[in-house]
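Here are the chains, one letter per residue:
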Amino acid sequence: MNTINLDGQVFDLVPRQTIIAEEIKKEFTMPHDINSEIKPVVEEVNDPTPQAQPAVKDVNGIHDEIIDTLNQRDMKGINEYGQPLIESKLSISELLDYGFEESLDELQYNRVTKKRIDEVINLLAPHEEIPFIGEALKLIRGTKEDI
């Protein structure tokens, strides 16, 4: 068994394939990193009274869309790279650089979208007296009461 001793505590180093096999068998494993898991050597404690998890409310009505999109992105990555991101051999530095680049792309998308919304407002503003256009502009612009 591969172990590591950190400040007097002994930890097992479990290969990623073992973690996947344990998850398939529905066994509990602690969180793991890309290539291995550091798992403390302790006796398993079975709590006969599991604590109820608080219900997460989807107050904005977007949870399903986010989960669906994450699943689609996972599948796109697997189809493109042949493995899930968690199994990639990218270094921490590379992961951070890719995330940084994605953030920059998001900033550009955000600003271009904002400019296009401003263009729509400018096109609709002369017709604000038409009820549905006035309501649409209030929705886009917001109101002082919304601040």
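Quick note: structure is the one above.
Residues numbered from 1 in each chain as written. Predicted model: local features only at pLDDT ≥ 70, side-chain atom pairs only at ≥ 80, totals over all residues. Heavy atoms only, no water.

J.: Tell me about the overall build of the protein chain, residues and numbers included.
T.: On a plain count of helices and strands, the protein chain comes out with four helices and three strands. Across the protein chain, helices and strands are ordered from the amino to the carboxyl terminus as β-β-α-β-α-α-α. Counting every position in the protein chain, which comprises 147 residues, the buried fraction comes to 10%. In the protein chain, of all internal contacts separated by at least 6 residues, the share reaching a separation of at least 24 is 29%. Surface summary for the protein chain: the accessible area is close to 13,000 Å², and the carbon and sulfur share equals 58%. (Helix = DSSP H or I, 4+ residues; strand = E, 2+ residues; numbered from the N terminus. Buried < 20%, exposed > 50% of the residue type's maximum accessible area, 1.4 Å probe, protein only. Contact = heavy atoms within 4.5 Å. Areas by Shrake-Rupley, 256 points an atom, 1.4 Å probe, with all protein chains shown as cover.)

J.: How would you summarise the packing of helix H3 (residues 92-124) against helix H4 (residues 131-141) if you had to cite specific residues and measurements?
T.: Interhelical geometry of H3 versus H4 gives an angle of 150° and a closest axis separation of 11 Å. With respect to H4, the axis of H3 lies roughly antiparallel. By crossing handedness, the relation of H3 to H4 is classed as left-handed. The residues of H4 that touch H3, namely those facing Ile117, Val120, Ile121 and Leu124, are Ile133, Leu137, Ile140 and Arg141. Of the residues that constitute the contact of H3 with H4, the class distribution is seven nonpolar, no polar and one charged. (Axes fitted to C-alpha atoms, helices over the stretch in contact; angles between N-to-C directions. Parallel < 35°, antiparallel > 145°, perpendicular 65-115°, else oblique. Left-handed = near helix turned anticlockwise from the far one by under 90°. Nonpolar A, V, L, I, M, F, W, Y, C, P; charged D, E, K, R; others polar.)

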